[in-house]
Amino acid sequence: MSSVAGSAASAQPMPAPAPYQVERVRADFPILKRRVHGRPLVYLDNAASTQRPRAVLDAIEHYETQMHANVHRGVHALSQEATAAYEGARERIRRFINARASREIIFTRGATESINLVAQSWGRSNLKAGDEVLITTLEHHANIVPWQMLREQTGCVLKVAPIDQRGVLLLDRFAALIGPRTRLIAAAHVSNALGVVLPVVEIISLAHARGIPVLVDGAQAVPHMAVDVRALGADFYAFSSHKIYGPTGLGVLYGREELLTGMPPWQGGGDMILSVSFDRTTYNELPWKFEAGTPHTSGAVGLAAALDYIEQLGIENIAAHEQRLLELATAALNEVPGVRIIGTAPDKAAVISFTMEGAHPHDIGTILDAQGIAIRTGHHCAMPVMEFFDIPATARASFACYNTEAEVRALADALLDVRGMFS
Amino acid sequence: MDLKDLYRDVILDHNKRPRNFGQLEHPDAFANGNNPLCGDRLLVTLRMSGDRIEDIRIEGKGCAISTASASLMSEAVKGKDRAAIRRLFDQVHDLLTRQDATPSAELGKLAALGGVRDYPARVKCASLCWHTLNAALAHEAAAVSTE
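Parameters and conventions
Residues numbered from 1 in each chain as written. Chains lettered and ligands numbered in written order. Predicted model: local features only at pLDDT ≥ 70, side-chain atom pairs only at ≥ 80, totals over all residues. Contact = placed C-beta atoms within 7 Å. Nonpolar A, V, L, I, M, F, W, Y, C, P; charged D, E, K, R; others polar. Axes fitted to C-alpha atoms, helices over the stretch in contact; angles between N-to-C directions. Helix = DSSP H or I, 4+ residues; strand = E, 2+ residues; numbered from the N terminus. Parallel < 35°, antiparallel > 145°, perpendicular 65-115°, else oblique. Left-handed = near helix turned anticlockwise from the far one by under 90°. Pairing = 2+ DSSP bridges. Domains from an automatic or database assignment.

**What to know about the interface of chain B and chain A**
No. 1: If you look at the interface, chain B gives 14 residues, while chain A gives 13 residues.
No. 2: Residue classes in the side of chain B that touches chain A are distributed as 10 nonpolar, 2 polar and 2 charged.

Below you can see the structure in the form of structure tokens.
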């Protein structure tokens, strides 16, 4: 806002912000017109994967029909245009998370591969037997298993910080687990199973006070809140395109340049080299050193379009809308007899995990599906979280920019039907 | 899609009050089954009399389909010999997976599982108990998985 506009506004009451027009947002998502089992689709499985707006589909189609060729290779027009689109997407992502340089943005197949890249490249070259990696109970399997594999390879030790009955990380216990052998901390920004937001600022500050780098698994955070990797101080930040309205098969690893520069490549092939002979290969520079093989160019283009779309709606507006839905859903589900919400932390993203007395989550999922309501049921790739709460599974509803208050009511009404069937 | 075809009254009843629930002390055979997708776990314990199941108990945690299927199975196989159980298994398998299967009289109450075939994601729930029973009968006292 210019100073002129600012002073003009100060003379009068501030105009109310334009209300969030969810029906207009819905019109941008073609799939939301679908009917499922004869009922309008109520898509509440956004923590598993979000739907794509028309703008993303158009951007991919434009790329595929107008400019596709292999990147970084040809001198011909299409290859140059494809390269510009791909590298333009990288710059778009840099801006979205406020990284310092686009060479700090590595394209991967998803958040899972981003974490594996750090484990295999940074981890294998920095960890020795007895060194420790500290994670939390709230992690997705993608932020557990890569460290267990690293443990097999290096003899490092995996430590796990506990949570309380609300799903809140016990920060003092976490701090106490940081020891002289702690070499890396890897924590989710938002728990995928419960929606609980972790105190990553405090985690990073505790870690950095001891000179320990931190990897943040941001797969469930970037769709719901503004993320500034430099303000957070994250050393690595991983997320997936398909959870933020972009295509599947693409993810991002942000890494601080100093760290990335010191890391060896983890996959070899084309694009990640400067020169190859049978005696000696010179690796490419950042970020391409970590991008062996032909990349998912159309995916990158689609993700860039998704980020443009989010910026147009305003991530703060999306967050406020989702928080309203979360509040409504929490109140409505608490009214359904037998429902127990798992994860009652004060700070949550728009994810609500629950169980119902007498009804297994799988049965809940099937009964809701018959009404066109899509939720996730199961352990959400977070079996240690289920074990902590001593439950085999939960049902999980997760909200996105296009969900409505009517959909929250449809969920609550359907749960009353489930209750009727099983009581 | 009519949910009543999946959640028939017999299924809801056996889910709420599973028959032969618990564990046999000093069983002749047992097996653990689990379905990682839904977190279902099932323990089948058997007392044998030669080739015949003299007594059976089932215990575990699972969805309505998995619990009811195990309960119905426990009633159906008690007192039967291996050959008869094998025939039942084949018929249940057909019932769960083949659209053209028509339940025979031999299936009895197990025919209530006929709605499951329209819900492919739930077939594993209904079949877990049978795979676990087979493992117990084979004296494979190791965990089986339907994944």
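**Notes on the packing of helix 4 (residues 77–97) of chain A against helix 11 (residues 297–313) of chain A**
All names here are of chain A.
No. 1: Where helix 4 meets helix 11, the closest approach of the two axes is 9 Å, and the angle between their N-to-C directions is 40°. Accordingly, the angle class assigned to the pair helix 4 and helix 11 is oblique. In terms of crossing hand, the pair formed by helix 4 and helix 11 is left-handed. Contact residues: helix 4 offers Ala82, Ala85, Tyr86, Gly88, Ala89, Arg92, Ile93 and Phe96, while helix 11 offers Thr297, Ala300, Val301, Leu303, Ala304 and Leu307.
No. 2: Split into classes, the residues belonging to the contact of helix 4 with helix 11 amount to 11 nonpolar, 2 polar and 1 charged.

**Points about the sheet that holds strand 4 (residues 105–108) of chain A**
Residues and elements named next belong to chain A.
No. 1: Ordered by their spatial adjacency, 7 strands build an open sheet running 4-10-9-8-7-5-6, and the pairing between neighbours is mixed. Taken across any chain shown, the strands that pair with only one partner, and hence form the sheet edges, are strand 4 and strand 6 (157–161). Taken pair by pair, the neighbouring strands of this sheet meet at an average axis angle of 20°, ignoring direction.
No. 2: In the sheet, strand 4 pairs with strand 10 (residues 251–255) via 4 bridges, with the strands oriented antiparallel. The residue bridging Ile106 from the neighbouring strand is Leu253, located in strand 10.

**Structural notes on the sheet that holds strand 17 (residues 394–398) of chain A**
All names here are of chain A.
No. 1: The strand order across the open sheet built from 4 strands is 13-14-17-16, with neighbouring strands paired in antiparallel fashion. This sheet does not close on itself; its edge strands, each paired only once, are strand 13 (339–342) and strand 16 (376–378). On average, adjacent strands in this sheet sit at an angle of 30° to one another, irrespective of strand direction.
No. 2: With 4 bridges joining them, strand 13 and strand 14 (residues 351–356) adopt antiparallel strand pairing. By the bridge assignment for strand 14, Val339 is matched with Met356.
No. 3: Across the sheet, helix 13 (residues 361–369) lies against strand 14, strand 16 and strand 17, angled at about 155° from strand 16, the strand it touches most.

**A few points about the domain arrangement of chain A**
All names here are of chain A.
No. 1: Partitioning chain A into domains gives domain 1 (19–44 + 314–422) and domain 2 (56–311).
No. 2: For domain 1 versus domain 2, the distance between C-alpha centres works out to 28 Å.
No. 3: Listed by partner, the interface residues are 23 residues for domain 1 and 22 residues for domain 2.
No. 4: Elements supplying a minimum of two residues to the side of domain 1 that touches domain 2: helix 12 (315–335), strand 14 and helix 14 (383–388).
No. 5: Element by element, the count of residues in the side of domain 1 that touches domain 2 is highest for helix 12, at 5 residues.
No. 6: The residue makeup of the side of domain 1 that touches domain 2, split by class, is 15 nonpolar, 4 polar and 4 charged.

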